[in-house]
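Each chain, written out:
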Amino acid sequence: MFIVSITYTRPAGEIDALLTAHKKFLNQQYAEGVFLMSGRKVPRTGGIIIADCADRAEIEAIMESDPFFIGGVAEYEIIEFVPSMTAEALEAFRYSVDRN
C-alpha cells in the first residue's frame, strides 16, 4: 500500500491548466482498481493519493504518467506502508501473514 503526497511547485494557474487531464488520469487509476482514495491538501498546496500497488516500481511508473508530473508542476513523495489495522470497511486491505 502506498501514500503519494503531491506538492505543487508552480502557481495555481499552471496547476488549473492541467486539472482536467489530471482528473482523467485519476479516473483511469480508480477504474483499474489502483487508487483507493485521493483529495486536495488543505490549504491547497497539493494532494494525497492512497494506492494499492504490487510494488514501488509500479506506483512510480503510474505517477510518472500523471499530467502534473509530465507538466513539471508538482513533486511527489511516495511512502510505502503495511496496513496492519483498518476500519471494517477497509478490511480487504489489511495486511496479514496470509496475504502476499
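Presented here is a report on the structure given in the accompanying data block. Everything numeric in this text was worked out from a predicted model, so none of it was measured. (Residues numbered from 1 in each chain as written. Predicted model: local features only at pLDDT ≥ 70, side-chain atom pairs only at ≥ 80, totals over all residues. Heavy atoms only, no water.)

Points about unusual backbone geometry
A negative phi angle characterises most non-glycine residues, just as the trans form characterises most peptide bonds. The criterion, for reference: A helix here means a DSSP run of H or I that spans at least four residues, while a strand means a run of E at least two residues long, and both kinds are numbered starting from the N terminus.
For the peptide bond that leads from Val42 to Pro43, omega is 0°, which places it in the cis range. Positionally, Pro43 belongs in the loop between β2 (35–40) and β3 (46–51).

Details of the pairing of β2
Working note: regular strand, side chains alternate between the two faces of the sheet. Convention followed: Two strands make a pair as long as DSSP finds a minimum of two bridges between them.
Examined bridge by bridge, β2 and β3 share five bridges and lie antiparallel to one another. Among the inter-strand pairings, Arg40 is bridged to a residue of β3, identified as Gly47. Connecting β2 to the antiparallel partner β3 that follows it, the hairpin turn spans five residues.

What about the nonpolar core?
Test applied: Take the buried residues of types Ala, Val, Leu, Ile, Met, Phe, Trp, Tyr and Cys, join any two whose side-chain atoms come within 4.5 Å, and each joined set is a nonpolar core. Relative accessibility decides the category of a residue: with a 1.4 Å probe and only protein chains considered, values under 20% of the type maximum give buried, values over 50% give exposed, and everything between is partly exposed. By the convention used here, residues are in contact when the closest approach between their heavy atoms is within 4.5 Å.
In terms of nonpolar packing, the biggest core is built from 20 residues, with Phe35, Ile49, Ile59 and Met63 touching the most fellow members. Among the secondary structure elements, those contributing two or more residues to this core are β1 (2–8), α2 (19–31), β3, α3 (56–63) and β4 (74–80). Sort the elements by how many residues they give to this core and β1 lands first, with four residues. Not counting chain neighbours up to four residues away, the residues in contact with Ile59 comprise Phe2, Val4, Phe35, Ala51, Cys53 and Ile78.

A closer look at α2
Put simply, the rule reads: The span expected for a helix works out to 1.5 Å for each residue beyond the first. What the arc measures is the spread of directions leading from the helix axis to the C-beta atoms.
With 13 residues, α2 should reach 18 Å at 1.5 Å per residue; the first-to-last C-alpha distance of 18 Å fits that figure. Residues Leu19, His22, Phe25, Leu26 and Gln29 constitute the buried set of α2. The buried residues of α2 all sit within an arc of 115° when viewed along its axis, so they share a single face. In α2, the exposed positions that point more than 90 degrees away from the buried face belong to Thr20, Lys24, Asn27 and Ala31. On its buried face, α2 sits against α1 (12–17), β2, β3, α3 and α4 (67–70).

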